[in-house]
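Analysis of the macromolecular model
Read off the chains here:
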Amino acid sequence: MSKRLRLAIQSSGRLSDSTTELLSAIGIRISRPDRKLRMVSEHFALEVLFVRDDDIPGYVADGVADVGIVGENVVLEKNPDVRVLDRLGFARCRLSIALPKADPYSGPKDLEGKHIATSYPGLLGRYFEQQGVNVTIHEISGSVEIAPGIGLADGICDIVSSGSTLISNGLKEVETVLQSEAVLIASQELDPELAALLDTLRFRIQSVLKAGKHRYILMNVPNTAIERVTEILPGMRAPTVMPLATEGWSSVHSVIPENTFWDVIDSLKEAGAEGMLVIPIEKMVL
Ligand code: PRT
Ligand code: ZN
């Protein structure tokens, strides 16, 4: 019997919706009618394990799972023997140190001798070691942000995304320890059959991620401006140029990265392009 790649994902939480969406975009549909802990994919030789996010790095390190999707913050905190393969672009957040709003702060040295509460003692300990600053770290498992208010610690180190939790607890962010997002991790060693399945999985994931970072653009361009427009377009190859029914005009198609999008659009307009249409791309297979 041919092998299946075992993938561990978060069973429910902040990672689960985006993970399910990503898998669905690569043709792996997840249905858990009775909230089963395991599921076998019909369209890919894959078995999905639904677990708590904290357990994912350990399962992958121990070979209970071959691959996993989990926050990089959790991987680095646990520091397991796994390979971090790809950043997946969702569950973006940062691990930050925060102090009561009114406390003066000019740099990490101001934290010398302070008590900091966190669920990330490993990452925070390494950070202060690098900084050469001595602090006392209190490990607590939840509601870290209330620690200063109840006199448990001078400051905290916790995950921040919008920052509103800190503000509503009278805290200010003073240092970023880590920028994090969901990552694909894998066991150090996989047999050739599983390694080949992992390559296929990664190729499909990359085609979805690349597509999300690009847009397809169509525009009408006077023939006299085609050379200039072509220079502006940072597409994968030369743009597609097709004559329009109106004499002297062409339709130009190209793919542009999302991060340069507005600059490119402005330059194209200046160069004489009209009637621009911008379309999301579902997958990009290069
Ligand atoms: O039950 P299980 O153990 O599986 O899940 P969990 O409760 O431990 O984790 P979960 O689902 O809350 O988060 C999973 C992962 O999502 C984290 O490990 C991060 O990689 C990522 N992530 C992204 C976040 C946030 N954004 C986030 N905002 N994890 C937690 N938060 C919390 C943070 O702890 C704080 O309480 O949200 C609050 C801050 O949010 P803002 O928007 O107010 O700044
Ligand atoms: Zn967790």
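The structure reproduced in this document is the subject of the present report. Note that the structure is predicted; figures quoted are calculated from it, not measured.

**A few points about the coordination of the zinc ion (ligand 2)**
Bound to the zinc ion (ligand 2) are the protein donor atoms Asp53 (OD) and Asp54 (OD), situated 1.9 to 2.0 Å from the metal. Coordination at the zinc ion (ligand 2) comes from 4 donor atoms whose angles at the metal span 75 to 171°, giving a geometry best classed as irregular. The class of Asp54 is partly exposed, set by a relative accessible area of 29%.

**Some words on the site of ligand 1**
Neighbouring ligand 1 are 20 residues; Arg52, Asn73, Ser162, Gly163 and Thr165 lie closest to it. Taking Arg14, its main chain carries an N or O atom lying 2.8 Å from an oxygen atom of ligand 1. Burial of ligand 1 by the protein chains amounts to 77% of its free accessible area of 850 Å². Among the detected pockets, ligand 1 sits in the largest pocket. Elements that contribute at least two residues to the shell around ligand 1 include exactly α3 (72–78), β9 (155–160) and α5 (164–168). The residue inventory of the shell around ligand 1, partitioned by class, reads 6 nonpolar, 9 polar and 5 charged.

**Thoughts on the state of the cysteines**
Enumeration according to the criterion identifies 0 disulfides in this entry. The closest cysteine sulfur to the non-disulfide-bonded Cys93 is located on Cys157, 11 Å from its own sulfur.

**Structural notes on the packing of aromatic side chains**
Counted according to the given criterion, the structure contains 2 aromatic pairs. On the basis of an interplanar angle of 70° and a centroid distance of 5.3 Å, the ring pair of Tyr127 and Phe128 is categorised as edge-to-face. Using a relative accessible area of 8% as the deciding quantity, one classes Tyr127 as buried. Relative accessible area serves as the criterion here: at 2%, Phe128 is assigned to the buried category.

**Observations concerning the sheet that holds strand β6 (residues 93–100)**
With mixed pairing, 5 strands are arranged side by side in an open sheet as β8-β7-β9-β6-β10. Both outer strands of the open sheet, β8 (136–139) and β10 (171–180), are each paired with one neighbouring strand and no more. Sheet twist, expressed as the average angle between the axes of neighbouring strands with direction ignored, equals 25°. Looking at chain direction, strand β7 (residues 115–118) and β8 are connected through 4 bridges and run parallel. Note on β8: the bridge partner recorded for Ile116 is Ile137. Contacts from helix α4 (residues 121–131) reach β6, β7, β8, β9 and β10, with the element oriented near 100° to β10.

**Here's the deal with unusual backbone geometry**
In this structure, Ala91 takes a positive phi of about 55° despite not being glycine. Inspection of the secondary structure assignment puts Ala91 in the loop between β5 (82–87) and β6. Residue classification places Ala91 among the partly exposed positions, given a relative accessible area of 31%. Positive phi, normally seen in glycine, also occurs at Ser143, with a value near 45°. With respect to the secondary-structure elements, Ser143 resides in the loop between β8 and β9.

**Points about the layout of surface pockets**
Taken as a whole, the largest pocket spans an internal volume of roughly 1000 Å³. Elements supplying a minimum of two residues to the lining of the largest pocket: α3, β9 and α5. Two domains each donate at least three residues to the lining of the largest pocket, and these are domain 1 (5–90 + 181–211) and domain 2 (93–180). Its volume calculated, the second largest pocket comes out at about 410 Å³. Elements supplying a minimum of two residues to the lining of the second largest pocket: α1 (16–25) and α6 (192–212). When residues of the lining of the second largest pocket are assigned to their parent elements, the largest contribution, 5 residues, is made by α6. Counted by class, the lining of the second largest pocket contains 8 nonpolar, 4 polar and 6 charged residues.

Quick notes on the rules
- Residues numbered from 1 in each chain as written.
- Chains lettered and ligands numbered in written order.
- Predicted model: local features only at pLDDT ≥ 70, side-chain atom pairs only at ≥ 80, totals over all residues.
- Heavy atoms only, no water.
- Donors = N, O, S within 2.8 Å, 3.2 Å for Na, K, Ca; no water.
- Tetrahedral: all angles 85-135°; square planar, octahedral: opposite > 155°, others 65-115°.
- Buried < 20%, exposed > 50% of the residue type's maximum accessible area, 1.4 Å probe, protein only.
- Near = heavy atom within 4 Å.
- Polar contact = N/O pair within 3.5 Å; in protein donor to acceptor, adjacent residues only side chain to side chain.
- Areas by Shrake-Rupley, 256 points an atom, 1.4 Å probe, with all protein chains shown as cover.
- 1 Å grid on protein atoms, 1.4 Å probe; cavity = no way out; pocket = protein on both sides within 12 Å on 5 of 7 lines; lining within 4 Å.
- Sits in = over half its atoms within 2 Å of the grid points.
- Helix = DSSP H or I, 4+ residues; strand = E, 2+ residues; numbered from the N terminus.
- Nonpolar A, V, L, I, M, F, W, Y, C, P; charged D, E, K, R; others polar.
- Disulfide = S-S within 2.5 Å.
- Phe/Tyr/Trp six-rings, centres within 6.5 Å; stacked < 30°, edge-to-face > 60°.
- Pairing = 2+ DSSP bridges.
- Axes fitted to C-alpha atoms, helices over the stretch in contact; angles between N-to-C directions.
- Contact = heavy atoms within 4.5 Å.
- Points joined across faces, edges and corners; volume = space filled by probe spheres on them.
- Domains from an automatic or database assignment.

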